[in-house]
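Chain residues, written in single-letter form:
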Amino acid sequence: MPEATYQFPEGFLWGTATAAHQVEGQNTNNNWAAWEAEPGRIINGDKAGLACDWWNGRWEEDLKNAARDGQNAHRFSVEWSRVMPAPDRWDEGALDHYREMLKGMRRLGLTPVVTLHHFTDPLWIYEMGGWENNQTPIYFEKFVRKVVAAFKDEVKLWVTLNEPNGLVVNSYVEGSFPPGKKDFKAAFRALKNLIRGHAVAWHAIHDLQADAMASYALYYRAFFPKSNWSPLDALATKSLMGSVNEVFSNAIKDGQVKFALFKDFIREAVGTQDYVGIQYYSSDLVSFTPFKPGELFTSRCCPPGAEMSETGFINSFPDGMTQALKWARQFRLPIYITENGVEDSKDTLRPSYLAQHLHKVWRAANFNYQVKGYFHWSQVDNFEWERGWSQRFGLWKLDKETQKRTRRRSADLYAAICKENGISSEAVRKYAPEVFDILFPS
Ligand code: GAL
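Because the structure is predicted, anything quoted here is derived from the model rather than measured.

*Asks:* Describe helix α10 (residues 231-254), and please don't skip the residues or the numbers.
*Replies:* Between its first and last C-alpha, α10 extends only 28 Å over 24 residues, short of the 34 Å set by a 1.5 Å rise per residue. At Glu-246, α10 is deflected by roughly 75 degrees, the largest bend along its length. Looking one or two residues beyond α10, the residue adopting positive phi is Gly-255, at roughly 85 degrees.

Pasting the structure below:
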């Protein structure tokens with residue numbers, strides 16, 4: 001049997017990603033708290049509740065586990081509604097909490113990556129129309145300036161917005177996120193304000209911190225034409241690429257905003273990224289379908305052979321990671337995989353998913369792509385938005401009643417990879433033997 005290690009570049013960042021509302025608990029002053037209180041919005045009527053109890057200090061336990069397991073970075077988000085509970089008020093105590101976390105991370109040897117907006121808005125922003133309101137980017141800039149001024153000595157890597165392209169679709173097209181609209185006009189307004197919000201945040205960060213690295217984190221879904229010879233399938237695939245993956249990135253490239261039949265130009269957005277942040281989970285095969293104008297004349301299905309996650313939310317198709325990395329490479333900037341992972345309470349799929357997707361990341365790095373880091377979603381099970389607690393993405397299992405954490409096998413695999421700065425045949429044989437022959441063919 002072959003013995004080998006796929007070695008990653010020196011200085012590679014290995015971490016997990018979390019988001020404030022999903023782990024902190026007791027967030028009562030944001031739009032998600034209001035949304036969770038409405039009957040029928042979240043599966044099983046779940047609520048974030050105490051979440052992973054990070055606000056009471058349990059971040060330390062999780063991040064200690066992460067550091068002990070060889071991780072050298074962590075991506076987390078600062079909750080806007082805590083720092084700015086009202087338009088004219090700062091909560092310095094909330095900033096102290098994040099300062100403590102940053103100090104703790106430094107002690108543990110974890111490089112922080114800080115997200116400034118991960119889906120949640122303060123209730124007062126929500127009540128004035130959220131991202132549909134042109135004032136929202138202005139308030140967001142104030143918040144960003146406050147946070148960056150406070151933490152610029154501790155943080156160099158910033159994520160302005162998490163998955164703004166996904167947020168627009170979920171909130172204004174599918175209606176599964178607050179405000180639950182299905183309205184293309186509202187979606188376009190919100191999209192433009194998110195682009196403006198990102199742009200002002202990027203400029204503010206650089207204003208305050210010359211050597212900062214800032215960008216947004218893109219929701220990237222990989223699309224492949226169902227049939228390789230059909231020009232119509234190729235066209236359908238291209239149109240989904242444009243409307244799902246490129247709607248935000250095009251605006252950052254050249255200021256052009258195109259969504260459905262709407263168009264606009266936002267000059268201040270041009271060039272506002274220092275790296276490419278990719279969040280890749282799943283892929284689709286796409287075919288042209290004349291009877292589905294609402295879905296841009298496309299049908300999607302799971303690639304053959306791709307294993308489905310527990311609730312059918314994610315399929316394991318590592319070639320999608322390769323496609324995402326190839327796409328990201330066009331910008332000639334450093335690339336970070338800011339999220340990737342799978343829901344799997346029994347941890348039967350996660351080890352092979354992890355090993356195979358990381359193998360694709362390694363291949364890209366080996367071909368000299370500037371891939372600088374990987375953040376697994378997530379360290380510990382947490383509140384999964386409209387899917388509530390029905391999906392479990394953690395390397396560690398959480399019993400949310402007792403707050404007890406239990407290590408999953410995938411935590412061992414990821415620890416072996418982080419500590420080795422590489423994927424060894426030994427680790428794959430031990431923790432993901434089902435894909436050994438794929439990764440290490442003899
Ligand atoms: C991403 C999102 C995360 C997390 C993950 C898994 O889209 O940024 O917050 O929920 O999906 O569902």
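Structure shown, so let's carry the discussion forward.
*Asks:* With reference to specific residues and values, describe unusual backbone geometry.
*Replies:* Pro-178 connects to Pro-179 through a cis peptide bond whose omega is 5 degrees. Its place among the elements puts Pro-179 in the loop between α8 (164-172) and α9 (184-208). Look at the link from Trp-377 to Ser-378: it is a cis peptide, with omega at 10 degrees. Its place among the elements puts Ser-378 in the loop between β14 (371-376) and β15 (396-399). One non-glycine residue with positive phi stands out, namely Asp-53, at about 60 degrees. Of note, Asp-53 is situated in the loop between α2 (31-37) and α3 (59-68).

*Asks:* How would you summarise the site of the ligand if you had to cite specific residues and measurements?
*Replies:* Taken together, 13 residues lie near the ligand, and Gln-22, His-118, Asn-162, Glu-163 and Glu-384 sit nearest. Between the ligand and Asn-162 there is a distance of 2.9 Å, counted from an oxygen atom to a side-chain nitrogen or oxygen. In the model, an oxygen atom of the ligand is placed 3.0 Å from a nitrogen or oxygen of the Arg-387 side chain. Alone, the ligand offers 310 Å² of accessible surface; in the complex the protein occludes 94% of this. Residues belonging to the shell around the ligand are distributed by class as follows: five nonpolar, four polar and four charged.

*Asks:* Residues and numbers for the packing of helix α5 (residues 92-108) against helix α7 (residues 136-151), please.
*Replies:* It is the contact of α5 with α7, at a shortest axis distance of 11 Å, that shows an interaxial angle of 45 degrees. Here α7 runs oblique to α5, going by the angle between their axes. As α5 packs across α7, the resulting crossing turns out to be right-handed. Residue-level contacts link Glu-92, Leu-95, Tyr-98, Arg-99 and Leu-102 of α5 to Lys-146, Ala-150 and Phe-151 of α7. When grouped by side-chain class, the residues that make up the contact of α5 with α7 number five nonpolar, no polar and three charged.

*Asks:* Now, about empty space enclosed by the protein: what can you tell me, with residues and values included?
*Replies:* For the structure on display, the rule yields two cavities of 30 Å³ or more. Roughly 40 Å³ of volume is contained in the largest cavity. Lining the largest cavity we find Thr-18, Ala-19, Ala-20, Val-23, Glu-24, Trp-54, Phe-76, Ser-77, His-97, Tyr-98 and Met-101. Those elements that place two or more of their residues in the lining of the largest cavity are α1 (20-23), β3 (73-77) and α5. Sorting elements by how many residues they give to the lining of the largest cavity places α5 first, with three residues.

Cut-offs used in this document
Residues numbered from 1 in each chain as written. Predicted model: local features only at pLDDT ≥ 70, side-chain atom pairs only at ≥ 80, totals over all residues. Heavy atoms only, no water. Helix = DSSP H or I, 4+ residues; strand = E, 2+ residues; numbered from the N terminus. Expected span 1.5 Å × (residues − 1). Bend = angle between axes of the 7 residues up to and from the residue. Near = heavy atom within 4 Å. Polar contact = N/O pair within 3.5 Å; in protein donor to acceptor, adjacent residues only side chain to side chain. Areas by Shrake-Rupley, 256 points an atom, 1.4 Å probe, with all protein chains shown as cover. Nonpolar A, V, L, I, M, F, W, Y, C, P; charged D, E, K, R; others polar. Axes fitted to C-alpha atoms, helices over the stretch in contact; angles between N-to-C directions. Parallel < 35°, antiparallel > 145°, perpendicular 65-115°, else oblique. Left-handed = near helix turned anticlockwise from the far one by under 90°. Contact = heavy atoms within 4.5 Å. 1 Å grid on protein atoms, 1.4 Å probe; cavity = no way out; pocket = protein on both sides within 12 Å on 5 of 7 lines; lining within 4 Å. Points joined across faces, edges and corners; volume = space filled by probe spheres on them.

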